[in-house]
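# Structural overview
Chain by chain, the residues run as shown.
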Amino acid sequence: MEKISLDRIDRKILALLQADCTVPISEIGEAVGLSATPCWKRIKRLEREGLIERRVAIVNRERLGLGVTVFVAVRTARHSDVWLEAFSEGVARIPEVVEFYRMSGEIDYLLKVVVRDIADYDRIYRKLTKVAELHDVSSSFAMQEIKSTTALPLSE
């Protein structure tokens, strides 16, 4: 995927939208020195070019009772495409897994899981171990969230 060139105004628009996508276009335009129509056209272009994938609400996990974050390190002895497809599809069906990465190094896959408590995680762990044959599963419970953001750095 090719990198898209952004000017100062594009970067400022993206920064404002990352902070709060509900800000009216007229306010965004005013903040970046554009009227509403050119600002709206830039936002539409950024969407067309795939820089803005979607606009979402960030829901408070703790208010939903999902106060435990678990990082699950998975090692496998199997590395075939068939195994990976089965594992990926199985993990995708577990809504508590909110992030899922294939890694380099000692760990093959890293999952971020949000759950109510340890008993709830045990339920997810049991589902995970049924998805595909795993060599080792190691779980680490986050003690404190120090930084968490969805905003990407927009430096030039």
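Before reading further, recall that the structure is shown in the block above.
The rules behind the values
Residues numbered from 1 in each chain as written. Predicted model: local features only at pLDDT ≥ 70, side-chain atom pairs only at ≥ 80, totals over all residues. Heavy atoms only, no water. Helix = DSSP H or I, 4+ residues; strand = E, 2+ residues; numbered from the N terminus. Rg over C-alpha atoms; globule rule 2.2 N^0.38 Å. Buried < 20%, exposed > 50% of the residue type's maximum accessible area, 1.4 Å probe, protein only. Contact = heavy atoms within 4.5 Å. Areas by Shrake-Rupley, 256 points an atom, 1.4 Å probe, with all protein chains shown as cover. Arc of directions from axis to C-beta. Polar contact = N/O pair within 3.5 Å; in protein donor to acceptor, adjacent residues only side chain to side chain. Pairing = 2+ DSSP bridges.

With that out of the way, let us pick up the overall build of the protein chain. When its secondary structure is counted, the protein chain shows five helices and four strands. Moving toward the C terminus, one meets the helices and strands of the protein chain in the order α-α-α-β-α-β-β-α-β. Rg of the C-alpha trace for the protein chain: 20 Å, well past the compact-globule value of 15 Å for 156 residues, more than 25% over. Taken along the three principal axes of its C-alpha coordinates, the protein chain extends 55 × 35 × 25 Å. With 156 residues in all, the protein chain has 27% of them scored as buried. Once local pairs closer than 6 in sequence are excluded, the contacts in the protein chain between residues at least 24 apart make up 64%. Accessible surface computed for the protein chain: about 11,100 Å², of which carbon and sulfur atoms make up 52%.

Within helix α2 (residues 25–32) the residues assigned to the buried category are Ile28, Gly29 and Val32. Angular distribution of buried residues about the axis of α2 spans 100°; they occupy a single face of the element. Check the buried side of α2 and you find it contacts α1 (8–19) and α3 (36–48).

With respect to the element layout, Thr69 can be found in strand β1 (residues 68–75). Overall, the relative accessible area of 8% leaves Thr69 in the buried class. Within the structure, the side chain of Thr69 is placed 3.1 Å from the side chain of Arg61, a separation counted as a polar contact. Residue contacts for Thr69: discarding those within four places in its chain leaves Arg61, Lys112, Val113, Val114, Ser140, Phe141 and Ala142.

Both faces of the sheet carry side chains from a regular strand, because those side chains alternate between them. Burial of β1 is extensive: six of the eight residues sit out of reach of the surface. By the bridge criterion, seven bridges tie β1 to strand β3 (residues 109–115) in an arrangement that is antiparallel. Residue pairing in the sheet places Val68 in a bridge with Val115 of β3. Note: β1 against strand β4 (residues 136–141), six bridges, orientation antiparallel. Residue pairing in the sheet places Arg75 in a bridge with Asp136 of β4.

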